[in-house]
Amino acid sequence: MAYLSPSSSPPILLTGATGYIGGHLLDRFEQEQRAVRCLTRRPHALAHRAGPRTEVVAGDLLDRASLDAALSGIGTAYYLVHSMADVADFGEVDRRAARNFAACASQAGVHRIVYLGGLGSGDGLSAHLASRHEVGEILRGSGVRTLELRASIVIGAGSASFETIRSLVESLPVIPAPPSVSTAAQPIALDDVLQYLVAAEAVRVVHSEIVEIGGADQVSYAEVMREYARQRNLTRAVVPVPMMTTRLSELVLASLGPRQGRIAAAMVSSLRNETIVQRRATAAPLAVRPRGLSAAVERALRSEDQAFAEQRWLAAGAFAGESRWGGMPIGRRLLTVRTAPVNARADEAFAAIERIGGPTGWYATNWFWRFRGLVDRLRGGKGQQRGRRKGHTLAVGDPIDFWRIERFEAGRRLLLTAEMRMPGRLWVQFEVAAHADVTQVRLTTMFDPAGYIGRAYWYLLYPIHRGIFGTLLRGLVRAIAQQTGAASRG
Ligand SMILES: NC(=O)c1ccc[n+]([C@@H]2O[C@H](COP(=O)([O-])OP(=O)(O)OC[C@H]3O[C@@H](n4cnc5c(N)ncnc54)[C@H](OP(=O)(O)O)[C@@H]3O)[C@@H](O)[C@H]2O)c1
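In this text the structure is predicted, and so the values were computed from the model without any measurement.

## As for the site of the ligand
The environment of the ligand is formed by 30 residues, the closest being T18, G19, I21, R41 and V154. Only α1 (20-31), β5 (112-118) and α5 (160-171) provide two or more residues apiece to the shell around the ligand. Here the shell around the ligand is composed, by residue class, of 14 nonpolar, 12 polar and four charged.

This is how it looks when you write it as structure tokens:
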């Protein structure tokens, strides 16, 4: 294999763009301004997601007639489809889908198929892995040059495997696991999978090939859970229980309610199969340097934080109000939005926000913040002693008492992350917006509880948190009024 230039290449066909891997790959191609055509059974699901250059066509891999138009004029077709979430008998359904796709791609003169399947070797493959391999075999037999990338579990927020691990570790102090939890796997970061998939389009291919891809570490599933727990500051024990059958494990997972219940069940039955790279050289031409487990988990958690921080909660009018105990659940986070109108210009209102902390204090209940700082210091934290940098200019990364600035948009938005010790992570965001001569100040708190202790902490202390942040907003509004009054008198 060697590299080809992707310039002036014909459009890419993306199947599975409404799914996890396909959705992220679509974002990548759109960033690179590539011409993409998505085939989906649910075009409406892409209506707000796909960019203006992306073509969306309705099609079903089980309906051959719907594939011809979608495959016409295509250079590379990505096969990122499985029906595990849809039907129990996914083996038969996925076989039919792959056969239809193989025949139509060959007929349409598609140059290349890129398929992401699963690692796993040896006899006694689970139904899930056997089906993934069979799909690869069908596509490789199509006569179209096919790159079958085989991967173990994908570490990324939203991935079925990662979410299953997350729900187990977040919910259970002691995780009963089948003995196969010590089977070796080679988890790979979402970003690395995407890099491999993108590279697979440009690499020169002479024959159809199987490419084994994996992260830098070979670890057991138990180690993946421990690493997740470590990064979330959770104390967890993974206990292999000999009586823990596949069926029992599926019931435990179902009781925790992961969204991808059926997929999680299929994955449990695959735990017994090692999913490690045995032929590393097959991936070398794609020139990706995959990260290890720790970096992959860190990246998954950080990218999720980033996406959360970029979310404009100002637009989230539906969340306004404090009526719900603990706040509005968004994923595992709890969000409360409080709004108050102020009789000032937006820049005047924001000036008061910019002065917060340090010698100015928190506009109300400063005794509480001093007490909270003391508790934090007693627990080995930084307390309130850091104050803030001299002057009023704020910058991302600066400390303000026991907070740190995570986002700062002058005149509009200040997002702070709490650095005090607590069983979870807390953000507080101040926003100012002016609409039709009315200036609104909005205070949003977001808590990401660490496990069940974090949840208990937040729910039990919610009346205190509600009081403190409500008082903070009222104090801020008073300070803005005083400052505006003083300016107009002066
Ligand atoms: N996620 C992982 O951890 C992981 C790990 C290793 C390998 N992989 C492989 O990566 C590929 C994609 O997995 P994923 O996790 O992204 O899957 P996913 O999120 O469950 O999405 C599955 C996709 O398949 C599409 N689909 C299902 N049946 C279809 C049909 N008859 N016609 C057209 N589209 C159909 C669905 O689209 P519509 O319902 O919108 O039509 C959906 O977009 C799979 O081959 C999987 O084996 C995934």
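Following the structure, the description resumes.
## Re the pairing of strand β19 (residues 424-435)
Taken together, the five bridges between strand β18 (residues 413-418) and β19 define a ladder with antiparallel strand orientation. Bridge pairing links L415 to Q429 in β19. If you look at the hairpin formed by β18 and β19, you'll find five residues sitting between the two strands. Hairpin geometry of β19 and strand β20 (residues 438-449) is characterised by an intervening segment of two residues between the two adjacent antiparallel strands and by a positive phi of about 45 degrees at A436.

## Description of the domain arrangement of the protein
Taken domain by domain, the protein holds domain 1 (12-306) and domain 2 (311-489). Computed from C-alpha coordinates alone, the two centres of domain 1 and domain 2 are separated by 39 Å. On the side of domain 2, four residues touch domain 1, which itself brings five residues to the contact. A per-class count over the side of domain 1 that touches domain 2 returns one nonpolar, two polar and two charged.

## Considering the environment of A395
Structurally, A395 can be placed in the loop between α12 (366-378) and β16 (399-400). C-alpha separation for the pair A395 and P178, spaced 217 residues apart in sequence, amounts to 49 Å. Beyond its immediate sequence surroundings of up to four residues, A395 is in contact with I405 and F408.

## Quick word on the sheet that holds β19
Taken in spatial order, the seven strands of this open sheet run β14-β15-β20-β19-β18-β17-β16, and their pairing is antiparallel. Each end of this open sheet is capped by a strand with a single partner; those strands are β14 (328-330) and β16. Summarising the sheet, β16 and strand β17 (residues 403-409) pair through two bridges and their orientation is antiparallel. When the bridges of β17 are listed, P399 appears paired with R404. Contacts from helix α13 (residues 451-460) reach β15 (333-342), β19 and β20 within the one sheet, and its direction differs from that of β20 by about 140 degrees.

## Remarks on helix α6 (residues 190-202)
Here α6 contains 13 residues, and its C-alpha end-to-end distance of 19 Å stays within 8% of the 18 Å for a straight helix at 1.5 Å per residue. Turning to α6, its buried residues are L190, D191, D192, V193, Y196, L197, A199, A200 and E201.

## Some remarks on unusual backbone geometry
A positive phi angle, near 55 degrees, is found at Q33, a position not held by glycine. Position of Q33 relative to the elements: it lies in the loop between α1 and β2 (36-40). Exposure remark for Q33: the 9 C-beta atoms within 10 Å place this residue in the exposed category. A positive phi is found at T365, a non-glycine position, where the angle reads about 40 degrees. Since 17 C-beta atoms lie within 10 Å of it, T365 is described here as partly exposed.

Criteria and cut-off values
- Residues numbered from 1 in each chain as written.
- Predicted model: local features only at pLDDT ≥ 70, side-chain atom pairs only at ≥ 80, totals over all residues.
- Near = placed C-beta within 6 Å.
- Helix = DSSP H or I, 4+ residues; strand = E, 2+ residues; numbered from the N terminus.
- Nonpolar A, V, L, I, M, F, W, Y, C, P; charged D, E, K, R; others polar.
- Pairing = 2+ DSSP bridges.
- Domains from an automatic or database assignment.
- Contact = placed C-beta atoms within 7 Å.
- Axes fitted to C-alpha atoms, helices over the stretch in contact; angles between N-to-C directions.
- Expected span 1.5 Å × (residues − 1).
- Buried ≥ 20, exposed ≤ 12 C-beta atoms within 10 Å, placed from the backbone.

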